[in-house]
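Read off the chains here:
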Amino acid sequence: MSQITLENISKFYGDQQALLDIELTFTDDVTTAVVGPSGSGKSTLLQMINGLVRPNHGTVAVFGKPIDYQRLPELRLRIGYAVQGTGLFPHLTVEANITLLARLARWDPERIKARTKELMNLVSLPLSYVQRYPYELSGGEQQRVGLCRAMMLNPQIFLLDEPFGALDPMTRNEIQREFLHLQRSEARTIILVTHDLREALKLAQRLVILDRGRLVQHGTCAEILENPANGFVRSFFQSQLET
Amino acid sequence: MRGIDMRVLIILSMTLFLLVGGANAAGAQTVVVGSKNFNEGYILAEIIARLLEDRDFRVERKFGLGGTLICFEALKNGNIDVYPEYSGTLGEAILKLPRRVSYADLRGILKQRFDMDLLGSFGFNNTYAIALSGSLAQQRGLKKISDLARFPGLRFGFSHEFLNRHDGWPGLARTYDLAVRPVGIEHGLAYQAIRESKLDVTDAYITDGDIEKFDLFLLEDDKQYFPQYLAAPLVRAELDGRIKQILGELAGTITDDHMRGLNAMVVLERKSFAEVAHRFLNEAGLLTSGRQRIEESKWATLLYRTITHLKLTFIALIAGMVVAIPFGILVYRSRAFSRPVMYFAGLLQTIPSIALLAFMIPLFGIGAKPAIMALFLYSLLPILRNTAAALFSIDPVLKKVSVGIGLTAQQRLRYVELPLAAPTILAGIKTAAVINIGTATLAAFIGAGGLGEPIVTGLALNDTSLILEGAIPAAVLAIMTEWAFEGLEKLMVPAHLLQKPAE
């Protein structure tokens with residue numbers, strides 16, 4: 001059974017239509033990139049999955065069951081979440097940021113230590129950083145800490161909302177490499193929101209293309225590149241890939 | 001993990017509470033003596049207190065209470081056992097009797113309606129008098145108030161209170177048929193104005209210590225317009241009969257001139273109340289034991305006052321934190337709740353301190369309880385407002401992430417929101433603490449003691465050095481509190497989250 005299914009989803013903010021009649025099943029254990037121009041509803045779609053946004057119509061099913069909105073924290077602990085601008089807690093050290101959820105889940109200290117070390121190695125963060133505060137790190141380093149935090153409990157689903165958006169091209173390249181590394185090391189369903197098609201093609205196996213709240217096309221990268229569904233997809237690809 | 005740790009605060013406050021809480025030890029029968037906050041009130045109360053001490057009673061002094069109503073309420077509620085009061089004040093201001101009654105009738109009414117005993121009067125009558133300079137009186141041959149009608153050219157200036165009291169100028173003008181237009185003048189300036197011949201006639205109190213110094217002549221109230229203001233100890237009827245008997249010995253011991261002299265000793269010669277009272281009792285032959293009351297050293301007094309002051313301030317502050325921080329969180333969590341709570345807290349802040357203290361008296365009597373209650377109410381707004389504002393201003397990205405990674409509402413509050421809000425909440429607590437230290441000086445008006453005591457007395461005596469005796473330690477305390485909070489901040493908040501001054 002698929003882990004994430006959206007059935008007939010619509011979302012409005014007042015009169016503003018954010019998503020309309022979305023019917024979509026995400027393929028397990030691969031990375032899917034959600035792309036589209038700004039305002040197309042990418043972030044809203046992503047936040048449906050961990051219940052940060054609740055649809056006006058339709059059902060969101062995660063791990064094979066419709067979301068129980070009374071028990072969201074339990075669900076979210078099984079879903080990794082990282083956002084643009086890192087969202088690291090400034091009052092906590094690197095270590096405290098990464099291990100917060102594990103400590104609240106009362107993991108054994110040894111296990112926490114081992115997992116932290118493993119994750120930091122995976123994203124090439126020096127272990128000497130554990131006692132530093134986020135403000136003492138560069139943007140790329142902070143982003144890596146954010147990834148570690150999201151991966152701590154080894155979630156089967158991983159949501160990334162423009163995670164590399166604010167980085168300079170060099171750092172971005174580097175961290176994208178780490179991401180691919182991470183992806184190969186532990187199999188999981190990753191959904192990545194990005195406005196950058198190049199990034200999407202580099203990191204994801206599948207694409208979901210949105211335009212003004214509607215699902216325009218979804219499939220593997222190759223399928224869509226070879227066979228764009230309509231003029232919008234074609235021009236979106238052209239404008240993004242030519243520059 | 002670093003961050004705000006409530007346990008530290010709780011332990012800190014408990015220690016403080018224990019440290020200052022055990023100040024009142026039990027002992028022999030204690031009589032609580034009160035007084036109003038003016039010169040004569042202090043002297044008479046000190047005489048009462050010393051006489052009782054001489055006869056082996058323990059005395060607790062609650063002097064300088066802020067006015068007639070506060071003293072009377074305190075006696076009614078049993079917060080004090082005795083204070084010196086004036087027959088005229090009882091009739092006019094408290095009982096609001098439509099006509100004048102005899103001393104005996106007044107006693108009966110007080111006994112019947114309030115279960116109080118008005119003991120035998122000290123003897124003098126400190127009523128209003130009309131004063132003019134001695135030389136002018138001699139020159140024009142003025143002896144009685146009715147003589148004034150013959151000199152329409154005289155310049156009249158009265159205190160604002162006298163101008164407006166119904167037993168003041170309006171009735172006086174009617175009774176003596178005086179057709180002049182008096183000006184309003186601050187009582188403290190009137191005597192000076194007369195000395196400099198800028199004014200001819202003003203109101204005075206019969207036993208005013210300044211009368212001799214300014215060479216004033218008091219005209220005889222030949223139509224007996226002014227009510228009698230006979231001073232006497234007013235006690236609760238249930239008080240030990242021996243105490244009433246001892247205080248009865250004071251009846252008829254002080255004449256008008258005598259009282260004026262005692263007042264002058266304090267106002268002009270700057271003698272202490274204790275010294276004046278002791279000398280009076282000694283000369284009147286009322287001291288039997290020959291024992292001198294052991295005077296506390298200045299430093300011991302200062303220490304005691306400071307501890308009392310801190311006790312008032314910090315008990316109120318801690319109570320304020322316990323209430324205002326949760327309410328601040330509630331305001332943040334529920335919009336519907338936020339408006340009424342913030343308005344209510346804001347409203348409390350607009351009540352003038354003295355008025356708020358006065359409102360507390362019918363509910364809590366006098367002393368530390370109502371003072372702490374008032375200070376508690378004052379500390380609510382700064383803490384509440386800062387708590388809510390700090391929580392509202394947390395970076396929305398952090399709020400979203402803390403929800404998105406799966407923290408429950410309680411966990412978000414404890415591990416993310418409160419630690420991030422801590423510096424601002426702490427700043428609110430600091431503001432409340434400093435406000436409390438300042439406002440607590442007013443608590444002396446309702447008998448709560450503390451550093452306000454010398455300030456209240458100093459104000460009554462127009463004695464700057466006495467005022468400074470309270471004001472300087474209070475200021476030092478405020479600065480030290482600022483420092484202490486800065487230290488606490490360093491302990492509880494990572495340095496990079498503190499606001500630093502711009503470079």
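Residues numbered from 1 in each chain as written. Chains lettered and ligands numbered in written order. Predicted model: local features only at pLDDT ≥ 70, side-chain atom pairs only at ≥ 80, totals over all residues.

A. Seen up close, the domain arrangement of chain B. Residues and elements named next belong to chain B. Considered domain by domain, chain B is made up of domain 1 (27-125 + 229-283), domain 2 (128-219) and domain 3 (298-497). Facing 16 residues of domain 1, the contacting portion of domain 3 comprises 16 residues. Going through the elements one at a time, α2 (39-54), β2 (58-65), α3 (68-76) and α12 (256-267) are the ones with two or more residues in the side of domain 1 that touches domain 3. Considering only residue class, the side of domain 1 that touches domain 3 consists of seven nonpolar, seven polar and two charged. (Domains from an automatic or database assignment. Contact = placed C-beta atoms within 7 Å. Helix = DSSP H or I, 4+ residues; strand = E, 2+ residues; numbered from the N terminus. Nonpolar A, V, L, I, M, F, W, Y, C, P; charged D, E, K, R; others polar.)

B. Here's a closer look at the interface of chain B and chain A. Taken together, the contacts link 20 residues of chain B with 18 residues of chain A. Among the elements of the structure, α18 (396-404) and α19 (409-439) of chain B are those that each provide at least two residues to the side of chain B that touches chain A. Among the residues making up the side of chain B that touches chain A, the classes are represented as 13 nonpolar, six polar and one charged.

C. Highlighting the pairing of β2(B). Residues and elements named next belong to chain B. Sheet topology note: the strand β1 (residues 30-36)/β2 ladder contains six bridges and is parallel. Note on β2: the bridge partner recorded for V32 is E60. Running through α2, the crossover from β1 to the neighbouring parallel element β2 is right-handed. (Pairing = 2+ DSSP bridges. Right-handed = clockwise from strand over helix to strand, strands pointing away.)

D. Up close: the environment of B:E46. Residues and elements named next belong to chain B. Within the element layout of this structure, E46 appears in helix α2. A sequence separation of 164 residues divides E46 from D210, and the C-alpha atoms of the two residues are 21 Å apart. Beyond its immediate chain neighbours, meaning those up to four positions away, E46 contacts F273, A274 and A277.

E. Focus on the nonpolar core. All names here are of chain B. By size, the foremost hydrophobic cluster in this structure holds 176 residues, and its most contacted members are I48, L312, L357, A371, A443 and I446. Considering each element in turn, this core owes the most residues, 15 residues, to helix α17 (residues 368-392). A371 has contacts with L312, L357, A440, A443, I446 and A448, leaving out every residue within four places of it along the chain. In terms of nonpolar packing, the next biggest core, distinct from the first, is built from 27 residues, A129, L142, A190 and I211 among them. (Core = buried A, V, L, I, M, F, W, Y, C linked by C-beta atoms within 7 Å. Buried ≥ 20, exposed ≤ 12 C-beta atoms within 10 Å, placed from the backbone.)

F. Expanded view of unusual backbone geometry. In the Ramachandran plot, A:F63 falls in the positive-phi region, its phi being about 55° despite a non-glycine side chain. Within the element layout of this structure, A:F63 appears in the loop between β4 (57-62) and β5 (65-66).

G. Fine view of the pairing of strand β8 (residues 201-205) of chain B. Residues and elements named next belong to chain B. By the criterion of burial, β8 is predominantly enclosed, with five of the five residues buried. Burial along β8 is two-sided: the residues V201, D203 and Y205 and T202 and A204 are all buried. Relative to β8, strand β5 (residues 128-133) is paired through five bridges, and the arrangement is antiparallel. Its bridge partner lying in β8, A129 is registered against A204.

H. Seen up close, the sheet that holds strand β3 (residues 31-35) of chain A. Residue and element names in this part refer to chain A. The sheet built from six strands is open, its strands ordered β6-β7-β8-β3-β9-β10 with mixed pairing. Two strands lie at the open edges of the sheet, namely β6 (79-83) and β10 (214-220), each paired on one side alone. In this sheet, neighbouring strand axes are inclined to one another by 15° on average, regardless of whether the strands run parallel or antiparallel. Taken together, the six bridges between strand β9 (residues 206-211) and β10 define a ladder with antiparallel strand orientation. (Axes fitted to C-alpha atoms, helices over the stretch in contact; angles between N-to-C directions.)

I. Examining the domain arrangement of chain A more closely. All names here are of chain A. On domain assignment, one finds that chain A holds domain 1 (4-78 + 155-242) and domain 2 (87-154). The C-alpha centroid of domain 2 is placed 25 Å from the C-alpha centroid of domain 1. With 15 residues of domain 1 at the interface, the matching set in domain 2 holds twelve residues. Sort the elements by how many residues they give to the side of domain 1 that touches domain 2 and helix α6 (residues 169-185) lands first, with seven residues. Counted by class, the side of domain 1 that touches domain 2 contains nine nonpolar, three polar and three charged residues.

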